[in-house]
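If you want the building blocks of each chain, they are given just below.
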Amino acid sequence: MTNVLVTGGAGYIGSHACKALRAGGYTPVTYDNLSTGWEDAVKFGPFEKGDLRDRSRLDQVFASYQPAAVLHFGALSQVGESIREPGLYWSNNVTGSLTLLQAAVAAGCLDIVFSSTCATYGDQDNVVLDETCPQQPINPYGASKRAIEDMLYDFRVAHGLNYVIFRYFNVAGADPEAEVGEFHQPETHLVPLILDAVDGRRNALTIFGTDYDTPDGTCIRDYVHVMDLVEAHILGLRWLEDGKPSEVFNLGTGRGFTVREVIDHSRRITNKTVPVIEGARRPGDCTKLVSGSTKAEAELGWTHERSTLDRMIADAWRWHQSGHYAK
Ligand code: UDP
């Protein structure tokens with residue numbers, strides 16, 4: 001079977017990608033420093049512990065597995081933390097990616113699928129967020145991802161690297177079989193925090209800002225089921241295998257939901273109350289991030305049938321109640 005190097009394979013999205021890779025006939029080789037991931041989430045292929053900034057460790061792993069491609073998920077990804085500690089983001093994300101790309105080129109592994117983010121667009125009122133939209137990130141997390149996109153363009157021109165960049169909107173849900181799911185420590189994401197409030201693991205969900213210029217005053221996001229998201233990566237891998245050109249795709253559904261709507265759906269799906277506190281805005285949050293593109297559907301053949309709010313919350317809830325959740 002073809003080996004694929006998965007950086008961040010012990011994390012939320014990376015572990016789901018490993019499951020999809022295995023199902024698609026690949027061997028996922030996880031490379032992860034376990035700073036935010038979990039070794040017991042590595043279930044579908046070998047695990048190599050290492051940091052993205054460790055060039056000699058990367059060289060060893062490329063030499064041992066001769067991967068045909070890299071799926072590059074490994075990154076820090078919290079907006080708030082990036083504002084408090086921008087150096088962490090420039091070091092882990094940007095220096096880490098630079099070291100990875102240099103090692104990949106040296107090893108002759110030239111196909112890379114990269115996890116970017118809609119946070120690279122920033123807060124743009126009345127602008128359709130498609131792939132041609134200018135990138136004006138408003139926080140260091142988005143800025144670090146934009147810098148890596150720039151790096152990929154330059155490595156393509158200079159070294160013949162081929163890439164598919166995916167700009168994710170908000171990822172939610174879990175493997176419906178609950179083999180893997182979302183677990184961050186500390187948790188900062190909306191859906192798992194709501195479910196923690198539902199089952200009493202925390203006292204309440206704090207809504208970050210109720211005075212945004214939206215119908216109910218709370219931020220709007222475009223949520224994508226993690227299983228749909230990782231399927232796009234398999235399509236991206238095949239795209240590169242077929243020798244198609246380097247491309248950028250948004251991964252969103254085109255439909256946005258407010259924080260209050262997500263809470264309402266969660267109440268319905270779990271059939272339990274969600275204790276809520278109305279709090280202040282979280283620095284770095286955009287008012288509205290909704291994809292305005294269907295390029296991934298048209299060109300990659302991507303579909304996002306699982307990405308209904310109800311299904312994402314139901315799958316996340318199943319995982320939440322499973323014995324695997326909460327280490
Ligand atoms: N949010 C919230 N309370 C929380 C966590 C998140 O109100 O405890 C809001 C946040 O302000 C944003 C949305 O939920 O509007 C999604 O936030 P999340 O951190 O899940 O993803 P992000 O949009 O930062 O990638």
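Note that the structure is a prediction, hence the values are computed from the model and not measured. Starting afresh in each chain, residues are numbered from 1 along the sequence in its written order. Confidence filtering applies because this is a predicted model: local features only for residues at pLDDT of at least 70, side-chain atom pairs given and counted only at 80 or more, and all residues used for totals across whole chains, interfaces and linings. For the side-chain quantities, the full set of heavy atoms in the structure was used; hydrogens and water were omitted.

Q: Hey, could you go over the packing of helix 6 (residues 190-198) against helix 10 (residues 309-321) for me, with residue numbers and the actual values?
A: To obtain an axis, a line is fitted to C-alpha atoms, over the contacting stretch when the element is a helix, and the angle between two such axes runs from 0 to 180 degrees between their N-to-C directions. A run of DSSP states H or I qualifies as a helix once it reaches four residues; a run of E qualifies as a strand once it reaches two. Both are numbered from the N-terminal end. The N-to-C vectors of helix 6 and helix 10 enclose an angle of 55°; their axes lie 10 Å apart at closest approach. Judged on the interaxial angle alone, helix 10 and helix 6 are oblique. By crossing handedness, the relation of helix 6 to helix 10 is classed as right-handed. Taken together, the residues of helix 10 that come into contact with helix 6 (itself represented by Val 191, Pro 192, Leu 195, Asp 196 and Val 198) are Ala 316, Trp 317 and His 320. Residue classes in the contact of helix 6 with helix 10 are distributed as 6 nonpolar, 1 polar and 1 charged. Between 65 and 115 degrees an angle is taken as roughly perpendicular, under 35 as roughly parallel, over 145 as roughly antiparallel, and anywhere else as oblique. By the definition used in this description, the sense in which the near helix is turned from the far one sets the handedness, with an anticlockwise turn below a right angle giving left-handed and a clockwise turn giving right-handed. Any two residues having at least one pair of non-hydrogen atoms within 4.5 Å are treated as being in contact. Side-chain classes follow a simple rule in which Ala, Val, Leu, Ile, Met, Phe, Trp, Tyr, Cys and Pro form the nonpolar group, Asp, Glu, Lys and Arg form the charged group, and the remainder, Gly included, forms the polar group.

Q: Quick one: what's the story with the packing of helix 4 (residues 86-107) against helix 5 (residues 140-159), residue by residue and with numbers?
A: For any two helices packed against each other, the geometry is given by the interaxial angle and the distance between the axes. At a minimum axis distance of 9 Å, the contact between helix 4 and helix 5 shows a crossing angle of 20°. Classified by the angle their axes make, helix 4 and helix 5 are roughly parallel. The way helix 4 lies across helix 5 gives a crossing that is right-handed. On helix 5, the residues touching Pro 86, Tyr 89, Trp 90, Asn 93, Val 94, Ser 97, Leu 98, Leu 101, Gln 102 and Val 105 of helix 4 are Pro 140, Tyr 141, Ala 143, Ser 144, Ala 147, Ile 148, Met 151, Leu 152, Phe 155 and His 159. Looking at side-chain class alone, the contact of helix 4 with helix 5 contains 15 nonpolar, 5 polar and no charged residues.

Q: Go over the site of the ligand with me, naming the residues and quoting the values.
A: Residues are labelled near a given molecule or strand when at least one of their non-hydrogen atoms is within 4 Å of it. Around the ligand, the surrounding shell holds 15 residues, and the nearest of these are Leu 190, Thr 206, Phe 208, Arg 221 and Asp 285. Whenever two N or O atoms come within 3.5 Å, that pair is a polar contact, provided that in protein one can donate a hydrogen and the other can accept it, and provided that, for residues adjacent in sequence, both atoms are side-chain atoms. Here an oxygen atom of the ligand sits 2.8 Å away from a polar atom, N or O, in the main chain of Leu 190. For the shell around the ligand, the element with the highest residue contribution is strand 8 (residues 205-208), accounting for 4 residues. Within the shell around the ligand, the residues separate by chemical class into 8 nonpolar, 4 polar and 3 charged.

Q: Just give me the short version of the environment of Thr 36, but keep the residues and values in it.
A: With respect to the element layout, Thr 36 can be found in the loop between strand 2 (26-32) and strand 3 (47-49). For every residue, the accessible area (1.4 Å probe, protein chains only) is compared with the maximum for its type, and the residue is labelled buried under 20%, exposed over 50%, or partly exposed between those bounds. Judged by its relative accessible area of 39%, Thr 36 is partly exposed. Distance in space between the C-alpha atoms of Thr 36 and Ala 178 is 19 Å, their sequence separation being 142 residues.

Q: A description of the sheet that holds strand 12 (residues 257-258) should follow, citing residues and the corresponding values.
A: Following DSSP output, two strands are said to pair if at least two bridges run between them. The strand order 12-9-14 describes an open sheet built from 3 strands, whose pairing is mixed. One side of each edge strand has no neighbouring strand; the edge strands of this open sheet are strand 12 and strand 14 (288-289). When strand 9 (residues 220-221) meets strand 12, the two strands line up antiparallel, connected through 2 bridges. Note that in strand 12 the partner of Ile 220 across the bridge is Thr 258.

Q: If you had to explain the sheet that holds strand 2 to someone new, which residues and values would you point to?
A: An order of 3-2-1-4-5-6-11 is seen for the 7 strands of this open sheet, with the pairing classed as parallel. The open sheet has two free edges, formed respectively by strand 3 and strand 11 (247-251), since each of these has just one partner strand. Adjacent strand axes in the sheet meet at a mean angle of 20° when their direction is disregarded. Contacts from helix 4 reach strand 1 (2-7), strand 4 (69-72) and strand 5 (111-117), with the element oriented near 175° to strand 4.

Q: Give me the packing of aromatic side chains: which residues, what numbers.
A: Any two of the Phe, Tyr and Trp rings considered here, Trp counted by its six-membered ring, make a pair once their centres fall within 6.5 Å; the pair's planes then place it as stacked at under 30 degrees, edge-to-face at over 60, or tilted in between. Inspection of every chain in the model, using the stated rule, returns 5 aromatic pairs. Geometrically, the ring pair formed by Trp 38 and Phe 183 is tilted, given 5.2 Å between the ring centres and 50° between the ring planes. Here Phe 183 lies in the loop between strand 7 (170-172) and helix 6 and Trp 38 lies in the loop between strand 2 and strand 3, a separation of 145 residues in the sequence. Residue classification places Trp 38 among the partly exposed residues on the basis of a relative accessible area of 23%. Judged by its relative accessible area of 9%, Phe 183 falls in the buried class. For the ring pair Phe 166 and Phe 249, a centre distance of 6.0 Å and an interplane angle of 35° mean the geometry is tilted. Taken together, the positions of Phe 166 in strand 6 (residues 162-168) and Phe 249 in strand 11 put the pair 83 residues apart, joining distant regions of the chain. Taking relative accessible area as the criterion, Phe 166 reaches 0% and is therefore assigned buried. Ring pairs connect the aromatic residues Phe 166, Trp 239 and Phe 249, which therefore count as one cluster. In this structure, Arg 281 is placed above the aromatic ring of Tyr 212, and the distance from its NZ or CZ to the ring centre is 3.9 Å. Distance and angle both matter: a charge sits over a ring if NZ of Lys or CZ of Arg is within 6 Å of the ring centre and within 35 degrees of the ring normal.

Q: Break down the nonpolar core for me, citing the residues and quoting the values.
A: For soluble globular proteins, nonpolar side chains are generally found buried alongside one another. Only buried residues count toward a nonpolar core, which is a set of Ala, Val, Leu, Ile, Met, Phe, Trp, Tyr and Cys residues joined through side-chain atoms within 4.5 Å. Within the largest apolar cluster, 34 residues are counted, with the highest numbers of intra-cluster contacts made by Ile 13, Leu 21, Leu 71, Phe 166, Tyr 168, Leu 237 and Leu 251. Elements with a contribution of two residues or more to this core: strand 1, helix 1 (12-23), strand 4, strand 6, helix 7 (226-241), strand 11 and helix 9 (295-300). Per-element tally for this core: the top contributor is helix 7, with 9 residues. Counting 25 residues, the second largest nonpolar core, distinct from the first, contains Leu 52, Cys 109, Leu 152 and Ile 165.

Q: Quick rundown of the pattern of salt bridges? Include the residues and the values.
A: Working definition: two side chains of opposite charge can pair if their charged atoms are close together. In what follows, salt bridge is the name for a side-chain nitrogen of Lys or Arg lying within 4 Å of a carboxyl oxygen of Asp or Glu. What the rule picks out here adds up to 20 salt bridges. Measuring nitrogen to oxygen at the nearest pair gives 3.3 Å for the salt bridge that ties Asp 310 to Arg 268. You can see Asp 310 sitting in helix 10 and its partner Arg 268 sitting in helix 8 (residues 259-270), a full 42 residues away along the chain. Given the relative accessible area of 28%, Asp 310 is considered partly exposed. A residue is classified by how much of its surface remains accessible, and Arg 268, at 51% relative accessible area, is exposed. The closest approach of N and O atoms between Asp 315 and Arg 311, which form a salt bridge, is 4.0 Å. Of this pair, Asp 315 and Arg 311 both sit in helix 10, 4 residues apart, which is roughly one turn of that helix.

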